[in-house]
Each structure stands twice: as C-alpha cells, then as structure tokens.
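The primary structure of each chain is shown beneath.
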Amino acid sequence: MRILNLLKIAYKAIVLNKVRTLLTMLGIIIGVASVIAMLAIGEGSKESIRSTISSMGSNMITIRPGTDDRGPARGSGGDVQTLTLDNYETIKEKSTLLSYITPVVNGGGQVISGANNWPSTIYGVNPEYLEIKVVGLQSGSMFTDAEVKSASKVVVLGQTVVDNVFPDGQDPVGQMIRFDNIPFKVIGVLEEKGENTFGQDQDDVVIAPYTTVQKRILAIDYLNQIMASAVSEDDAPDAVIEVTDILRAEHKLMDNEDDDFSVRSMEELISTFSSTSEMLTILLVAVASISLLIGGIGIMNIMYVSVKERTKEIGLRMAVGGKGSDILLQFLIEAILISITGGLLGVILGLSATVFIEKFLHWPTSVAMYSIIISFAVCAVTGIFFGWYPAKKASALDPITALRYE
C-alpha cells in the first residue's frame, strides 16, 4: 500500500473516534503546553535577571573587606576593616582595566526636613559613582572633587527619599535637610531606578562626599567597600584578577595565605542567578514532561483498543493480500498522527498560556524556538515509541484467526 492510502485510512480511523482521540491527545497537549510555558518562564527569568543586574552596571566590580565566608561589612562600622583609602589610591594608580573607581562608606539614619523624616542609608562616594552605577541626575548637579576634598555638607537624594521628606512636591534642590543631626544642602536628585534583583529600592538613598560621611557621620578611617567599573564588560574578568593581585601585594599576603578581601564582578552575579534559574527551569520541565509520558501511555492503550476493535478488518486486509508491514505502518502512522496533532494543539495552548502569564501575572517570559522544536521531536518519538508495539501486535495477527474474531 502506498503511504498516501495509509494516511487516509489512519485519518478516517481518527475522525470516526473524535472524542476518544481527543481524550488520548490530552496528555500530549498538556505535556507540550507545560514544557513550552515552563521553558518560556525560565528563559524570561534569566533575561530579566541579566537586564536587571546589568542596569545596576554591567561592568561594575565590587571590592569588599573580609573573605566570602565572612561576608561584606555592613552598616557604618562592621568588624572587618581590611580596606583603606590607601588601597583605593593604589588600585586607582596601578589598574589599567578600570575606567572609574570610588571608595564607599555607608550608614543608616534619619533624613529630616521640617516635620517630615524618613529612615534611609547615606552613601559616601566620589563623583565617579554615577558613572559606575549607570544613573543620571533628574535635577540639580553632582558634587565635585573639590567638595569631596573639603568634606562639604552637600547631598544628592534618591526619589524615594524626596517623596517622603518633601511630600508636598516642593523642589528639594537648594533646600536644607538633616541626616541625623548633621545639616546638608540638597544639590541634586537622582533619576528613578526602581527595585533591583534583590528587591532593594535603589531610589532610597542619600549620596554625599565620602570624606563628609567618614568624618562627620561615621567617624571612621576605613572603607566599607570600593566600587569600580571595568573598561568593558569583556574586560571585567581580567579586571577582577588585576585588582586581586594589586590588593594581595598591597596587603603583603603570602602565596599560601587567603585573601582578606573579596572582588566580584556583575558577570559572576549574573552567572550565579542564571544557573539557579536554569536548575529551577529544568526541574519544572522535568515535572511537566511527566504529562508527555502519561500521554504516550494513553496512546499505547488506545492503540491496543483500536487493534482489538479492528481485528476483523486487519484479517480482511491480510486475506486480500495486505502485508504485515502495511498493517504495521498503518497503525504506526495513526499513532504518530495522534501524537503530532496533540503536539500542535499543545504548542498553541503553550503559546497562549505564555501570553496569559506575561499579561495577567506579569511574569517575564521568553519563548525559545528550540522549546517548540524539542516538543515536536518528543511528540514524534512518543508516537513511534508507544505506537510501535500495538502496531507490531496487529501486523503479527493470523489472518484466519482475525477473520473469526468476534
């Protein structure tokens, strides 16, 4: 028999049992839709993580005191004091792969304007901080190097702080505020950046010269961290190595001694979060793939039923000259048609689910073409794998026994 005739026979058999066929397809439809939707969520989350972290400064490098297991120094003091201004000056002088660098000291306190106050964090930095963090000014200006040297009492505010200490919509630029008991003049307002990957409000900040924060607020002579920006994103890994070598020499560490600081690039952070997201995606896809297995078992069951119901038909075809290979191919094509049709419906459902998830649940999604290709490939393999055995059984029937079957 020709393939075209076999396709027609398989199609008629499917059409004659619409409800049964649809129920058989459900496992495949749900499995394919789930795989596509889960992969879309996984890819979307990875892209969202990458773009969010990149918005914080894709070339950014952070240098913190203490080793990784001890973690970064927190608050205004902390118990780890291995970074100093001399370290900052040495890195700035010797590094060839950094475009911007700033010392950072930070502490918490109350921002007060008249009767309004707001708990926030003040960051002591230099003017290069804006370039490193890739953030601009909404109004006003940034303090200058001269104001850093003179430890001027000037600040630039984030929008969250502005909204809470100037709730009446007054222009904060030129106004006086207090951070705890220290008066500051507001000279600028940062552009809004929203929350970062960690859920931290990037607009809830007060920026001031690091000399001012060190001397007038924290009364410390060490740094909480150093922030820098690599010349390019591709140079970031080499910049991490260069800074590490400079600091190890500066701290006079022997080859067998561990670093008393940590240097990390944003690329490492992106890689870490992407790996976590990828593992979760694989887990979700594995769970969703169970539906494909169930769908395959459903196809096998229904093909067994079909063989039983059409035993006389099989016997008649073989009696008039039909070969066992034709019978085998006929039932195999039927199983593959069911599987592929279920796969098509599953793709449509999966894409619809992805649109629904992004529009109504506001989860980031990104449909990868490979997820659709893999789903179709799995459908074809499922149809062949689970349809072959019932088809083989049909092709092995004895024609005389089949004709006598009631």
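Rules used throughout
- Residues numbered from 1 in each chain as written.
- Predicted model: local features only at pLDDT ≥ 70, side-chain atom pairs only at ≥ 80, totals over all residues.
- Heavy atoms only, no water.
- Phe/Tyr/Trp six-rings, centres within 6.5 Å; stacked < 30°, edge-to-face > 60°.
- Helix = DSSP H or I, 4+ residues; strand = E, 2+ residues; numbered from the N terminus.
- Buried < 20%, exposed > 50% of the residue type's maximum accessible area, 1.4 Å probe, protein only.
- Contact = heavy atoms within 4.5 Å.
- UniProt positions renumbered as here; feature names shortened; annotations may be inferred.
- Expected span 1.5 Å × (residues − 1).
- Domains from an automatic or database assignment.
- Salt bridge = Lys/Arg side-chain N within 4 Å of Asp/Glu carboxyl O.

1. Things to note about the packing of aromatic side chains
In step 1: Overall, the coordinates contain 2 aromatic pairs when judged by the stated rule.
In step 2: With 5.0 Å between their ring centres and 35 degrees between their planes, Phe356 and Phe360 make a pair best called tilted. Highlighted residues: Phe356 and Phe360, both in helix H11 (residues 324-360), separated by 4 residues, approximately one helical turn.
In step 3: Between the aromatic rings of Phe385 and Phe386, the centroid separation amounts to 5.0 Å while the plane-to-plane angle is 85 degrees, which identifies the pairing as edge-to-face.
In step 4: On the accessibility criterion, Phe386 (11% relative accessible area) is buried.

2. Some words on the environment of Ile374
In step 1: Following the sequence through the fold, Ile374 ends up in helix H12 (residues 369-395).
In step 2: As a C-alpha pair, Ile374 and Ala396 span 22 residues in sequence and 33 Å in three-dimensional space.

3. Observations regarding the side chain of Gln330
In step 1: Locating Gln330 in the fold gives a position in helix H11.
In step 2: By relative accessible area, which is 2% here, Gln330 ends up buried.
In step 3: In this view, Gln330 contacts Leu6, Ile9, Ala10, Arg310, Glu313 and Arg317; residues no more than four positions away in its chain are not counted.

4. Observations concerning the UniProt feature "domain: ABC3 transporter permease C-terminal" (unreviewed entry) in the protein
In step 1: UniProt feature "domain: ABC3 transporter permease C-terminal" (unreviewed entry): in the numbering of this structure it lies at residues 286-398.
In step 2: In the segment residues 286-398, helix accounts for 86% and strand for 0%; the C-alpha atoms at its two ends are 42 Å apart.

5. Considerations on helix H8 (residues 236-250)
In step 1: In a regular helix each residue adds 1.5 Å, so 15 residues correspond to 21 Å; H8 covers 21 Å between its end C-alpha atoms and thus fits that length.
In step 2: Within H8 the residues assigned to the buried category are Ala236, Ala239, Val240, Glu242, Val243, Thr244, Ile246, Leu247 and Arg248.
In step 3: Following H8 by one or two positions, Lys252 adopts a phi angle in the positive range, close to 55 degrees.

6. Topic: the domain arrangement of the protein
In step 1: With domains assigned, the protein is organised as domain 1 (3-52 + 272-404) and domain 2 (102-225).
In step 2: Each of domain 1 and domain 2 has a C-alpha centre, and these two points are 59 Å apart.

7. Observations regarding the pattern of salt bridges
In step 1: For the coordinates displayed, the defined rule picks out 1 salt bridge.
In step 2: A salt bridge links Arg248 to Asp259; the shortest N-O distance between them is 2.4 Å. With Arg248 in helix H8 and Asp259 in the loop between H8 and strand E10 (261-265), the pair connects residues that are 11 residues apart, well separated along the chain.
In step 3: A relative accessible area of 17% places Arg248 in the buried class.

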